[in-house]
Amino acid sequence: MSDKVEKSEAEWRAELTPEQFEILRRKGTEPAFSGELNTKKDAGVYRCAGCGAELFSSDTKFDSGTGWPSFYAPADPEAVRSEDDRSFLMHRTEVLCSSCEGHLGHVFEDGPNPTGMRYCINSAALKFEPGDE
Ligand code: FE
């Protein structure tokens, strides 16, 4: 894995779009069905919009019907990390980029085979890179 990416709030604010900043650095959530990567089916890799780390592959993307890009596994188990999230009177598991600590979304245990996991990720937290995945 690449080294940790650490930047000040001002640096992130300067680099990211307001929407990316709100999601990645403020743990925001984009409205369902608003993200351009939600319905994307092309082969390729999904990188962190903050630091460029490879997070997910089109191989594991599936249509969850939730309105957010959904994957049943990360590209590499080390690429993301999870954390308990008890905000908004819910108990969820937050998913963060291991490299820059950017907030990506949440992971739920109602996904398809082979993992049964559903990584529910904000489109704005990702950058798609076409490939032959
Ligand atoms: Fe990142």
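Residues numbered from 1 in each chain as written. Predicted model: local features only at pLDDT ≥ 70, side-chain atom pairs only at ≥ 80, totals over all residues. Heavy atoms only, no water.

Draft legend 1. Geometry of the overall build of the protein chain. The number of helices and strands found in the protein chain is two helices and nine strands. Beginning at the N terminus, the succession of helices and strands in the protein chain can be written as α-α-β-β-β-β-β-β-β-β-β. What you see for the protein chain is a C-alpha radius of gyration of 14 Å, in line with the 14 Å of a compact globule of 133 residues. For the protein chain, the C-alpha atoms occupy an extent of roughly 40 × 40 × 30 Å along the three principal directions. Taken across its 133 residues, the protein chain has 44% of its residues classed as buried. Accessible area of the protein chain: about 7,300 Å², with a carbon and sulfur share of 49%. Looking at the protein chain, you have 15 positive and 25 negative side-chain charges, and the mean spots of the two groups are 4 Å apart. (Helix = DSSP H or I, 4+ residues; strand = E, 2+ residues; numbered from the N terminus. Rg over C-alpha atoms; globule rule 2.2 N^0.38 Å. Buried < 20%, exposed > 50% of the residue type's maximum accessible area, 1.4 Å probe, protein only. Areas by Shrake-Rupley, 256 points an atom, 1.4 Å probe, with all protein chains shown as cover. Lys, Arg positive; Asp, Glu negative; His and termini not counted. Charge placed at Lys NZ, Arg CZ, Asp CG, Glu CD.)

Draft legend 2. Highlighting the environment of Glu-83. Tracing the backbone shows Glu-83 in strand β5 (residues 80-85). Judged by relative accessible area, which is 34%, Glu-83 ranks as partly exposed. Taking the C-alpha atoms as reference points, Glu-83 and Glu-94, separated by eleven residues in sequence, lie 5.1 Å from one another. In this structure, Glu-83 is in contact with Arg-92, Thr-93, Glu-94 and Leu-96, ignoring residues within four places of it in sequence. (Contact = heavy atoms within 4.5 Å.)

Draft legend 3. Quick look at the layout of surface pockets. Reported here for the largest pocket is a volume of approximately 170 Å³. Lining the largest pocket are 13 residues; nearest its centre among them are Glu-19, Glu-36, Ser-123, Ala-124 and Leu-126. At three residues, strand β9 (residues 126-130) tops the list of elements feeding residues into the lining of the largest pocket. Of the residues assigned to the lining of the largest pocket, the class counts are four nonpolar, five polar and four charged. (1 Å grid on protein atoms, 1.4 Å probe; cavity = no way out; pocket = protein on both sides within 12 Å on 5 of 7 lines; lining within 4 Å. Points joined across faces, edges and corners; volume = space filled by probe spheres on them. Nonpolar A, V, L, I, M, F, W, Y, C, P; charged D, E, K, R; others polar.)

Draft legend 4. Region of the structure containing the sheet that holds β5. Strand order in the open sheet formed by six strands is β3-β4-β8-β7-β6-β5, with antiparallel pairing between adjacent strands. At either margin of the open sheet sits one strand with a lone partner, and together these are β3 (61-62) and β5. Pairing geometry for strand β7 (residues 103-108) and strand β8 (residues 118-121), over four bridges, is antiparallel. Within the sheet, the bridge partner assigned to Gly-105 lies in β8 and is Ile-121. (Pairing = 2+ DSSP bridges.)

Draft legend 5. View of unusual backbone geometry. In this structure, the amide linkage connecting Asn-113 to the following residue, Pro-114, adopts the cis form with an omega of 5°. Relative to the assigned elements, Pro-114 resides in the loop between β7 and β8. A positive phi angle, close to 65°, is found at Phe-33, a residue other than glycine. Of note, Phe-33 is situated in the loop between α2 (18-24) and β1 (44-48). Given the relative accessible area of 58%, Phe-33 is considered exposed. For Glu-101, which is not glycine, the phi torsion reads 65° and is therefore positive. With respect to the secondary-structure elements, Glu-101 resides in the loop between β6 (92-97) and β7.

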